Amino acid sequence: MSAPSYHTPVERHLTSSEEVRVPMASRPQLKYPAGGTNLEEQRTRWERKRVRTVKELIETEQRYFEQLELVAVYFIEILTAKGTLRPEERDAIFCTFKSIHSINRMLLSDLEDGKLGQGFERFCPQLHLYTTYTDNMEHALKVLQEQIKKNKQFARFKKLQESRAEFHGLKLEDLLPLPLRRIYQYKHLLRDLTENTNPDHPEFQQLKSAVRVISEASQHIQDQARRQENHLQVLRVQKLLKGRRSKVLAAGRQYIREGWLTTVPSKGEETKHRMFFLFSDLLLMTKPCHPLHPVHSDKLVWQRAYPLVEGRVEKVFGHTRSQGGLISLTFPEEKLLVMSNDQEDINNWYRCLSAAIGRLQSRATVTQRRDNLARRPLRPAQDSTQTNTDSPIPKAGSKRYLSDQPREEPSASGYTENHCTEPKQMKLMPHPTLR
């Protein structure tokens, strides 16, 4: 079964016949400074750029949809009919691919009919299908590899489908990331199209809105791809380290770079070659395992981890005679000197270390200021001082009120001066007639 081909009536919406033509004699000529051109030539140049951009947009959309249809027809539909994969495994691999195929069918139809603004106006509210697909991509590739290894029937089916002439040597792993790349292409094509479209054009506002929405989706996809790449890098470093206690996987930690450096001891000891890994919050120093180790000869041993938030980095000059360089790293408990014979490499290490330490320390400063503002008392300091110096008036009847009152000495009659106001206790005697 061959994927359908589409013909593009580009001329239908690329002509400028809708413009109101004014005779050149009656049109004012706006002259630019020397070396420029008049307004009419500028508008003609914009129109030519717009024609090229629209043509590229439609042609690339046709090729993109044909590749989407390869996956939808030769994989998703057949796998659903045959039951080679369980529904949860099939959904994990293809996620929202079928829905993306459907909405792009409508978009391609609108583009071929010359409805650029209307097509993207209907397409943009469905971009959540692309972001969901992006978030699932790492899991999809993982499940796909597991099924290739475990499910021999699926592995044979996949190899058979990929051998078809329509695939042109492409594998399923090459076709699954296509939606992510297409969003990036949409952003640049629509931006060029909007820049070369007259603001008075009826589709200008629709295209401008589409650029904003698709740019946000493209940024989300790029951030997700960057997070995935960072996770794979940190995971790779984790697998290089010997021992279960050597943990570098942590939330928010970003991999920056790695490389061999020579440590220079402060005393008269020999220099040592060590492998360093730089993360966003940590500098890790390791050494290779013994080459004759029966199991871990290709792994590294964790030696020391230096928190960057408390560190300081400086360049040390005059020790390498312009061959390489020396860096001084100062931490609360240790001072570390590292060197390299490659001048460009040591400069790159210095820039990366300075940037990482600067970001952490500036973030810590902002957090400390925010905490200080949160701890500030609600009342002014002078009010609180005045409140502390002035003794509060105790309530009547409280223990403090009674203790603060001056004790009165009894009179000669045995009563205090205010005995008339004291409540009298009377003993009730039984009535004689009630006995």
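Residues numbered from 1 in each chain as written. Predicted model: local features only at pLDDT ≥ 70, side-chain atom pairs only at ≥ 80, totals over all residues. Heavy atoms only, no water.

## Regarding the overall build of the protein
Selection rule: In this text, helices come from DSSP runs of H or I with a minimum length of four residues, and strands from runs of E with a minimum of two, each type numbered from the N-terminal end. A simple rule labels every residue: compare its accessible area, found with a 1.4 Å probe on the protein chains alone, to the largest value its type can have, and call it buried under 20%, exposed over 50%, or partly exposed in between. Contacts: residue pairs with any heavy atoms within 4.5 Å of one another. Throughout, the Shrake-Rupley method with a 1.4 Å probe supplies accessible areas, and for residues the shown protein chains are the sole cover considered.
A tally of helices and strands in the protein yields 13 helices and seven strands. For the protein, buried positions account for 35% of its 435 residues. Contacts in the protein between residues at least 24 apart in sequence constitute 60% of all its contacts with a sequence separation of at least 6. Put simply, the protein shows about 28,800 Å² of open surface, and 52% of that area lies on carbon and sulfur atoms.

## A look at the sheet that holds strand 4 (residues 300-307)
Selection criterion: Two strands form a pair only when DSSP identifies at least two bridges running between them. To get an axis, fit a line to the C-alpha atoms, keeping to the stretch in contact for a helix; angles then go from 0 to 180 degrees between the N-to-C directions.
Spatially, 4-3-2-1-7-6-5 is the arrangement adopted by the seven strands of the open sheet, whose pairing is antiparallel. Either end of the sheet is taken by a strand with one partner, and the two such strands are strand 4 and strand 5 (312-316). In this sheet, neighbouring strand axes are inclined to one another by 35° on average, regardless of whether the strands run parallel or antiparallel. Relative to strand 3 (residues 282-288), strand 2 (residues 272-279) is paired through four bridges, and the arrangement is antiparallel.

## Structural notes on the pattern of salt bridges
Rules: The rule for a salt bridge is simple: a side-chain nitrogen of Lys or Arg has to be within 4 Å of a carboxyl oxygen of Asp or Glu.
What the rule picks out here adds up to 17 salt bridges. Two residues, glutamate 61 and arginine 182, come together in a salt bridge whose shortest N-O distance is 2.9 Å. With glutamate 61 in helix 2 (residues 39-82) and arginine 182 in helix 9 (residues 178-195), this pair connects stretches of sequence that are 121 residues apart. As far as the burial class goes, glutamate 61 and arginine 182 line up, both buried. Among the salt bridges present, the one from aspartate 345 reaches arginine 257, with a minimum N-O distance of 2.9 Å. Of the two residues, aspartate 345 is situated in helix 11 (residues 343-375) and arginine 257 in strand 1 (residues 255-263); the sequence distance between them amounts to 88 residues. Of the residues examined, arginine 257 reaches a relative accessible area of 12% and is grouped as buried.

## Re the packing of helix 6 (residues 128-150) against helix 10 (residues 204-240)
Stated precisely, the cut-off is as follows: By the definition adopted for this analysis, an angle is roughly parallel if under 35 degrees, roughly antiparallel if over 145, roughly perpendicular if from 65 to 115, and oblique otherwise. In this classification, Asp, Glu, Lys and Arg are treated as charged, Ala, Val, Leu, Ile, Met, Phe, Trp, Tyr, Cys and Pro as nonpolar, and every other residue, Gly included, as polar.
Two numbers describe how helix 6 lies on helix 10: the axes approach to 10 Å, and their chain directions differ by 5°. When the axis of helix 6 is compared with that of helix 10, the two are roughly parallel. Facing helix 6, whose interface residues are Thr131, Thr134, Asp135 and Glu138, helix 10 presents His220, Ile221, Gln224, Gln228 and His231. A class-by-class count of the residues in the contact of helix 6 with helix 10 yields one nonpolar, six polar and two charged.

## Overview of the packing of aromatic side chains
What characterises a pair of aromatic rings is the spacing of the ring centres plus the angle enclosed by the ring planes. Just so we agree on the cut-off: Side-chain rings of Phe, Tyr and Trp, where Trp is taken by its six-membered ring, are said to pair if the distance between their centres is within 6.5 Å; with planes under 30 degrees apart they count as stacked, over 60 as edge-to-face, and otherwise as tilted. Lysine NZ or arginine CZ positioned within 6 Å of the ring centre and within 35 degrees of the ring normal marks a charge as sitting over the ring.
In total, this model carries ten aromatic pairs according to the counting rule given. Between phenylalanine 75 and phenylalanine 167, the aromatic rings sit 6.0 Å apart at their centres with planes inclined by 80°, giving edge-to-face as the arrangement. Of the two residues, phenylalanine 75 is situated in helix 2 and phenylalanine 167 in the loop between helix 7 (152-162) and helix 8 (172-175); the sequence distance between them amounts to 92 residues. On the basis of relative accessible area, phenylalanine 167 is assigned to the buried category, the value being 0%. Stacked on the ring of phenylalanine 279, the Lys or Arg arginine 253 has its end atom at 6.0 Å from the ring centre.

## Digging into helix 2
Our working definition: Here a helix's expected span is defined as the number of its residues, less one, multiplied by 1.5 Å. The angle between axes fitted to the seven residues ending at a residue and the seven residues starting there is what we call the bend at that residue.
The terminal C-alpha atoms of helix 2, which comprises 44 residues, lie 63 Å apart, in line with the 64 Å expected from a rise of 1.5 Å per residue. Most pronounced at alanine 72, the bend in helix 2 amounts to some 30°.

## Re the side chain of threonine 262
Rules: Pairs of N or O atoms within 3.5 Å make up the polar contacts considered here, provided that, within protein, one atom can donate a hydrogen while the other can accept it, and that residues adjacent in sequence are counted only when both atoms are side-chain atoms.
Residue placement: threonine 262 occurs in strand 1. Looking at threonine 262, the relative accessible area reads 12%, which means it is buried. Within polar-contact distance, the side chain of threonine 262 engages the side chain of histidine 273 at 3.1 Å. Apart from residues no more than four positions distant in its own chain, threonine 262 is found in contact with Thr271, Lys272, His273, Leu337, Val338 and Met339.

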